[in-house]
Amino acid sequence: MGNAFKEESTELAKKTAPADLMIVAKGLTKKYDDFTAVDGIDFQVKRGESFGLLGPNGAGKSTTMKMIGATSLRTGGELTILGKDPNKQGPEIRAHLGVVPQTDNHDNDLKAWENLYIYGRYFGLGRKFLKKKVEELLDFAQLQDKRDVKVDQLSGGMKRRLTIARGLVNEPEILMLDEPTTGLDPQARHILWDRLFRLKEEGVTLVITTHYMDEAEQLCDRLIVMDKGKIMAEGAPADLIKKYSSKEVLEVRFGSSKNAEAAEKLKHLGDRIETLPDRILFYAEDGEKVLKQIHKLGFEPATSLVRRSSLEDVFLRLTGRTLVE
Amino acid sequence: MLTEPKMTWQGAAKIVDMKKALTWGPWFVAEYRLRNMSKWLGAIIAFGLGNPVLYLLSVGIGIGALVDQNQGANGVDGVSYLTFLAPALLATSAIQAAMDETSFPTLQGFVWDKSFFSMNATQLTGGSIVGGIMIASAARCIFNTGIYAMVLWAFGAITAQSILVLIFAAIFAGLAFASVMLAATSFVKHDDGFFALVGRFIIAPMFMFSGTFYPLENLPIYLQWIGWISPVWHATDMGRNLSYGHDVAPGMMVIHFAFLLAILIVGQVVAMRQFSRRLAK
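Conventions we followed
Residues numbered from 1 in each chain as written. Chains lettered and ligands numbered in written order. Predicted model: local features only at pLDDT ≥ 70, side-chain atom pairs only at ≥ 80, totals over all residues. Helix = DSSP H or I, 4+ residues; strand = E, 2+ residues; numbered from the N terminus. Buried ≥ 20, exposed ≤ 12 C-beta atoms within 10 Å, placed from the backbone. Contact = placed C-beta atoms within 7 Å. Pairing = 2+ DSSP bridges. Right-handed = clockwise from strand over helix to strand, strands pointing away. Domains from an automatic or database assignment. Expected span 1.5 Å × (residues − 1). Nonpolar A, V, L, I, M, F, W, Y, C, P; charged D, E, K, R; others polar. Axes fitted to C-alpha atoms, helices over the stretch in contact; angles between N-to-C directions. Parallel < 35°, antiparallel > 145°, perpendicular 65-115°, else oblique. Left-handed = near helix turned anticlockwise from the far one by under 90°. Core = buried A, V, L, I, M, F, W, Y, C linked by C-beta atoms within 7 Å.

Let us look at the overall build of chain A. Regarding its fold elements, chain A presents twelve helices and 13 strands. Counting only C-alpha atoms, chain A reaches 75 × 65 × 40 Å along its principal axes. Residues classed as buried in chain A amount to 45% of the 325 residues present.

Okay, structure coming up:
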């Protein structure tokens, strides 16, 4: 009796609690035969938050995205999206998601507006409603003058904006963007960022994967760094930099043949030192100070540069510098 | 601002009506396919009618004249050669349309532009996509056989009264084939000439050995089996019976009907399962 009551109350909690928790993952796992793509990860995404998934190729980002997108079925752990279980209620969840896949896959034979319209029809949206909505989205994507152009004649940046507009046709609660700006020129990237900021301001929850650390710093309130299916770190970009890197980084070059030798004698300087084939990195609170100490010890670097620590430093520290193919 | 009737979901107003979206899913997919087809209308008509009309002219009219000369005006199965041939030509044209709608578009959806994955990112399921492709295939079959039936009628090959039953038999064959083809294609990972093989080793023999140009019984028994497993033969034999009263063994009409229905259902079950699996990877 007591147990039954307890169960009922947790059921109730499940129903009421998620209003502000859009995504809850506990021990989320995806295995393909003997390969584990996602290995028991935990995270939560709140309403209106902009959440980033970072990691090298093969880290499990895209698989995680597909599971959040309620298409790929998880093989272990728990996942709740908008309070529902994607393995059981996929269509119900997907009706409220906007998905921007890694590659633009519009129908090239159809015009720009037709692609938006057709996608809205997939959601069962009315024709009258869509006529209006499509114009709204074309405005949003700055594609109004390309309205009647076949998609295969659009530039890469235009196609990308069209894909993002398409992901908004059902007024989603969560917009999922898989590498939204890969392959775009700086102008196109900045236009896209601006559009995504506007969505964020309107309260749309964003889930983003990216390879660009500046993009993650710009767009994400909070992010996880994944590697080999596991979460290496989680937090706001600034906190991650504080935790895993120093305030500043000093980069000095003595010439490829002399770097290692110099590093051996300078390794006590700064918080941490990293020797690369072409340069030495000193992680420190004050980069200029370290540079002065180097000079004092009688070393004359060919070039030196003091810069602020970035998310890229965190990323490389956590996931290593080895190429992942 | 936007005036779509809203439904409530999680306490907030939502624009997607789940019930409507799930019930009509296949029709939304079909709507897309039809819109895409409309961009290729000229090609569809040309290819849909081109080959069949060539057969009609060369075999139907040319060989028909020779046959009728030797056998008498109603010498084949009690009718003219052209009337005998017409149900087979219609069934073949339906199957060609079905092939066009289920082969490359399926590979495109899964491999080339991954559009099936985009559809599946909405509330559409693998089942809705399969259903939508079948509806679109049916529409294409109706369109192609409809126009072709008019041509056959204009040449005096079929009577106006028999048009509907002949189209029915042809579309039945077309859909049965579409279903099997869709199931097969849903497993294909690369083109690798798979469709060329199907064209050469399935469609072509099916066309030639299904009692198309002469009664199936004229073939030696070791070739007749091709007809027995061919939707073209089942639809043609059925069409011949329905249009001009061709004699069939007792119970044979039921077998024709059951055979086509069976492969239609088996194809659907396999396709839906494989679509769902492939999309959920």
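A count of helical and extended segments in chain B gives twelve helices and two strands. Sequence-ordered secondary structure for chain B, helices as α and strands as β, is β-β-α-α-α-α-α-α-α-α-α-α-α-α. Across its three principal directions, the C-alpha atoms of chain B cover 80 × 40 × 35 Å. Among the 281 residues that make up chain B, the fraction classed as buried is 44%. Considering only intrachain contacts with a sequence separation of at least 6, the fraction spanning at least 24 residues in chain B is 78%.

This part is about the pairing of strand S7 (residues 205–210) of chain A. All names here are of chain A. Within S7, six of the six residues are buried, leaving the element largely enclosed by the surrounding structure. Across the two faces of S7 the burial is the same, with Thr205, Val207 and Thr209 and Leu206, Ile208 and Thr210 all buried. In terms of strand pairing, strand S3 (residues 50–54) meets S7 through five bridges, oriented parallel. Residue pairing for S7: Gly52 is matched across the bridge by Ile208. Read as a crossover between parallel neighbours, the route from strand S6 (residues 174–178) over helix H7 (residues 186–201) to S7 is right-handed.

Attention now goes to the environment of Pro220(B). Residue and element names in this part refer to chain B. In this fold, Pro220 is placed in the loop between helix H9 (194–208) and helix H10 (221–228). Note on Pro220: 6 C-beta atoms within 10 Å, which makes it exposed. In the structure, Pro220 is positioned 63 residues away from Ala157 in sequence and 28 Å away in space, judged by C-alpha atoms.

Turning our eyes to something else, we now look at the domain arrangement of chain A. By a widespread convention, an interface's size corresponds to the accessible area lost as its parts come together. Splitting chain A by domain gives domain 1 (18–241) and domain 2 (246–309). The straight-line distance from the C-alpha centre of domain 1 of chain A to that of domain 2 of chain A is 40 Å.

A few words now on helix H8 (residues 163–185) of chain B. An ideal rise of 1.5 Å per residue puts 33 Å on 23 residues; H8(B) measures up with 32 Å between its terminal C-alpha atoms. The buried count for H8(B) comes to 18 of 23 residues, which makes it a mostly enclosed element.

Next up on the list: the interface of chain A and chain B. Counting residues at the interface gives 31 residues for chain A, matched by 33 residues for chain B. Looking at the side of chain A that touches chain B, the elements that each hand over two or more residues are helix H3 (86–94), helix H4 (112–122) and helix H5 (127–140) of chain A. A class-by-class count of the residues in the side of chain A that touches chain B yields 13 nonpolar, nine polar and nine charged.

Residue and element names in this part refer to chain B. Taking 1.5 Å per residue, 14 residues should reach 20 Å; helix H11 (residues 231–244) reaches 20 Å between its end C-alpha atoms and fits that length. Within the span of H11, buried status applies to Pro231, Val232, Trp233, His234, Ala235, Thr236, Asp237, Met238, Gly239, Arg240, Ser243 and Tyr244. Of the surrounding secondary structure, the elements contacted by the buried residues of H11 are helix H4 (81–102), H8, H9, H10 and helix H12 (252–279).

So, on to the packing of H11(B) against H12(B). All names here are of chain B. Look at H11 against H12: their axes get within 9 Å of each other, and the N-to-C directions meet at 140 degrees. Here H11 lies oblique to H12, going by the angle between them. Relative to H12, the crossing made by H11 is left-handed. Here Pro231, His234, Ala235, Asp237, Met238 and Asn241 of H11 come into contact with H12, specifically with Met253, His256, Phe259, Leu260 and Ile263. Of the residues in the contact of H11 with H12, the class split is seven nonpolar, three polar and one charged.

This brings us to the sheet that holds strand S5 (residues 97–100) of chain A. All names here are of chain A. Judged by pairing direction, the sheet is mixed, and its six strands sit side by side in the order S5-S6-S7-S3-S8-S9 without closing on themselves. Each having just a single partner strand, S5 and strand S9 (230–235) make up the two edges of the open sheet. Within this sheet the neighbouring strands show an average axis-to-axis angle of 15 degrees, counted without direction. In this fold helix H12 (residues 311–319) packs onto S3, strand S8 (222–227) and S9, with an angle of close to 30 degrees to the strand it touches most, S8.

Now for the nonpolar core. The biggest cluster of nonpolar side chains holds 139 residues, and the ones touching the most others in it are Met176(A), Leu90(B), Ala91(B), Ala94(B), Ala98(B), Ala170(B) and Ala173(B). Sorting elements by how many residues they give to this core places H8(B) first, with 15 residues. Beyond its immediate sequence surroundings of up to four residues, Ala173(B) is in contact with Ala91(B), Ala94(B), Ile95(B), Pro231(B), Val232(B), His234(B), Ala235(B) and Leu260(B).

Next up on the list: the sheet that holds strand S13 (residues 303–308) of chain A. Residue and element names in this part refer to chain A. Across the sheet, which stays open at both edges, the four strands sit in the order S11-S12-S10-S13 with antiparallel pairing between neighbours. Sheet topology places strand S11 (272–275) and S13 at the edges, where each strand pairs with a single neighbour. Strand-to-strand twist of the sheet, defined as the mean angle between neighbouring strand axes without regard to direction, takes the value 15 degrees. Pairing between strand S10 (residues 248–253) and strand S12 (residues 280–284): five bridges, direction antiparallel. Looking across to S12, one finds that Glu251 is bridged to Leu281. Contacts from helix H11 (residues 287–296) reach S10, S12 and S13, with the element oriented near 35 degrees to S10.

Let us look at the environment of Ile93(A). All names here are of chain A. Tracing the backbone through its elements, the reader meets Ile93 in helix H3. We classify Ile93 as buried; it has 24 C-beta atoms within 10 Å. In this structure, the C-alpha to C-alpha distance between Ile93 and Leu177, residues 84 residues apart in sequence, is 16 Å. Excluding residues that lie within four positions of it along the chain, Ile93 makes contacts with Ala70, Ile81, Leu82, Lys84 and Pro86.

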